[in-house]
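Next come the chains, spelled out residue by residue.
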Amino acid sequence: MGDAIGLLILLACVAFPFVAMPLLWRRMKRVRNETYDRSEPASHQPAWQEPIRSEDGVSLGRANSPNGDLIGLGDKATQARWPLDNQ
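Below is a summary of the structure that appears in this document. (Residues numbered from 1 in each chain as written. Predicted model: local features only at pLDDT ≥ 70, side-chain atom pairs only at ≥ 80, totals over all residues. Heavy atoms only, no water.)

Focus: the overall build of the protein chain
We apply this condition: Only runs of H or I of at least four residues qualify as helices and only runs of E of at least two qualify as strands under DSSP, and these elements are numbered from the N terminus. Exposed residues in this analysis have more than 50% of their type's maximum accessible area, buried residues have under 20%, and partly exposed residues fall in between, with area computed by a 1.4 Å probe over protein chains only. Note on contacts: a residue pair is in contact if any heavy atoms of the two residues lie within 4.5 Å. The method behind every accessible area is Shrake-Rupley, applied with a 1.4 Å probe, and residues are considered shielded solely by the protein chains displayed.
Within the protein chain, the secondary structure is distributed over two helices and two strands. Element order for the protein chain, N to C, with α for helix and β for strand: α-β-β-α. Split into buried and exposed, the 87 residues of the protein chain put 3% on the buried side. Once local pairs closer than 6 in sequence are excluded, the contacts in the protein chain between residues at least 24 apart make up 34%. For the protein chain, the exposed area adds up to about 8000 Å²; of that, 62% sits on carbon and sulfur atoms.

Next up, the structure:
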């Protein structure tokens, strides 16, 4: 009788990760998708240029010109369902 109980406990301990992990994986994906659906799209700053005057009288400029293609790729990456999509 004691051996049977020990065997059942051992089988339960071995089977637990195989039962729990798919359930946790599905919950993680659902929560992630709900979070992405509720999040507001990131507002990107417009291009700007700041003049910098040096002591030598040479005018320099510091510019920020966001690349729309790279921003689009970043937005796609946040919405990607990699590596698995088992819905």
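So, next bit.
Quick word on the pairing of strand S2 (residues 59-64)
As a reminder, the rule being used: If DSSP finds at least two bridges between two strands, the strands pair.
In this sheet, S2 lies alongside strand S1 (residues 48-53) in antiparallel orientation, the contact comprising six bridges. In the strand pairing of S2, Ile-52 is matched with Leu-60.

Quick word on the pairing of S1
Taking burial as the measure, the six residues of S1 include zero buried ones, a minor fraction of the element. Where S1 folds back on S2, the antiparallel hairpin that results is connected by five residues, among which Gly-57 adopts a positive phi of roughly 90°.

Considering the environment of Gln-49
Relative to the elements of secondary structure, Gln-49 occurs in strand S1. Of the residues examined, Gln-49 reaches a relative accessible area of 61% and is grouped as exposed. C-alpha separation for the pair Gln-49 and Gly-61, spaced 12 residues apart in sequence, amounts to 6.5 Å.

A few points about helix H1 (residues 2-38)
Think of an α-helix as turning once every 3.6 residues; residues three or four places apart then point the same way. The test is simple: Expected helix span is taken as 1.5 Å per residue step, with the number of steps being one fewer than the number of residues.
In a regular helix each residue adds 1.5 Å, so 37 residues correspond to 54 Å; H1 covers 53 Å between its end C-alpha atoms and thus fits that length. Those residues of H1 that fall on the buried side of the exposure criterion are Ala-20, Lys-29 and Asn-33.

By themselves, these are just geometric observations and shouldn't be taken as functional.
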